[in-house]
Amino acid sequence: MSKVSDAFATFKSRLELTKTEQDDASRRQKDVRATVQASFDVDHDFLAGSYGRHTKTKPLKDIDIFVVLGTKESERRKAHPKAVLDDLEACLVDAYGRDQVVRDRRCVTVWFEKRNQTQHEDGKVVSLDVVPAFASGSDYEIPDEQLGTWIKTNPATHNDLTTAKNRDLSGNWVPLVKMLKSWNRANGKPIEPSFLVEVMALDLIDGPFNTFPDEARRFFAAAAASVNEDWADPAHLGPPVSDEMTPVLCSAARLKLEAAEMAATRAYRAEARGREGEAVRIWREVFGEFFPAS
């Protein structure tokens, strides 16, 4: 293997969750679920989002807990979505303290760690997102305070699409998405939410899969050309996943994607000329500290 191939193999390994991290995630999400169950009638709850799809990157932020409310909570569905988020926030503040709880448009976040781990150490769960929901047939409805309504979603559909794409690309799609999300985080999250990176990758990455460097370079180029488009919910239920990307944010994201594609091209040329150490250094500039230095 070349130095570049070795570096990407190490990068892939560093983005995988360790047993320590998995155990910490299990313990903390169980604690949060028990806290919510003590204050609400919960029909069932489950882990959703990128953790459930195995596309979660380090540090472990924003692990989604879907809390499906039971029949005793049915009146909440008739109220403005703000009301259930208010009560959920109060419940979590009582348990974890005001400084550790943050409100978002569709969830309430509990923060545990203010410091992010580096690639040299096992990390802990940084935060958990608690998403209240009601069952709606085989789908779910969740509150969206910004839109002032309840929106439909289906985490199972997202999981199925991810599994199928990863299978079609011989298990390479999920590791590549983790790399791309790591790039997004290392560059100040120009693409928001991070789920949008996955949604774009579902469409922009197709077979036959070549190598991680080649596919990353191609994604940066394709994403730069299409980041300003409307990217629909893959389940075709809720609002566009890209609804947070204003024209200003799209322009900023395009610049960062173009810069990443140009750097990836320089790395490709350096490797082709036998300057593999230089290529690895450039890729580290692209992906950040989780990418090996040599």
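Criteria and thresholds
Residues numbered from 1 in each chain as written. Predicted model: local features only at pLDDT ≥ 70, side-chain atom pairs only at ≥ 80, totals over all residues. Heavy atoms only, no water. Phe/Tyr/Trp six-rings, centres within 6.5 Å; stacked < 30°, edge-to-face > 60°. Helix = DSSP H or I, 4+ residues; strand = E, 2+ residues; numbered from the N terminus. Buried < 20%, exposed > 50% of the residue type's maximum accessible area, 1.4 Å probe, protein only. Lys NZ or Arg CZ within 6 Å of the ring centre and 35° of its normal. Salt bridge = Lys/Arg side-chain N within 4 Å of Asp/Glu carboxyl O. Pairing = 2+ DSSP bridges.

(A) Looking closely at the packing of aromatic side chains. Tallied over the entire structure, the rule returns 16 aromatic pairs. Here the aromatic rings of Phe46 and Tyr140 are separated by 5.7 Å at their centres, their planes lie at 50°, and the arrangement is tilted. Of the two residues, Phe46 sits in strand β1 (residues 42-48) while Tyr140 sits in strand β6 (residues 139-144), which places them 94 residues apart along the sequence. In this structure Tyr140 comes out as buried when scored by relative accessible area, which is 15%. Connected via pairs of aromatic rings, a cluster forms that spans Phe8, Phe11, Trp183, Phe219, Phe220, Trp283, Phe287 and Phe291. Between Arg217 and the ring centre of Tyr268, over which it is positioned, the NZ or CZ distance is 4.4 Å.

(B) A look at the pattern of salt bridges. Tallied over the entire structure, the rule returns 20 salt bridges. In this structure, Asp87 engages Arg76 in a salt bridge whose closest nitrogen and oxygen atoms are separated by 2.6 Å. Of the two residues, Asp87 sits in helix α5 (residues 81-96) while Arg76 sits in helix α4 (residues 74-78), which places them 11 residues apart along the sequence. Look at Arg76 and you get partly exposed, because its relative accessible area is 21%. Note that Arg275 is salt-bridged to Glu278, the shortest N-O span being 2.7 Å. Arg275 gets classed as partly exposed once you look at its relative accessible area, which sits at 38%. Overall, the relative accessible area of 28% leaves Glu278 in the partly exposed class. Each of the salt bridges in this network shares a partner with another, and the network as a whole consists of Lys82, Asp86, Glu89, Arg98, Arg103 and Glu145.

(C) Up close: the pairing of β6. Most of β6 sits inside the fold, with 6 of its 6 residues counted as buried. Residue alternation in β6 divides its side chains into two sets, Asp139, Glu141 and Pro143 and Tyr140, Ile142 and Asp144, and both sets are buried. Two elements, strand β5 (residues 127-136) and β6, share 3 bridges in a ladder whose sense is antiparallel. Bridging from a neighbouring strand, Ser136 pairs with Asp139 of β6. Counting the residues in the hairpin turn of β5 and β6 gives 2 residues, including Gly137, whose phi is positive at 65°.

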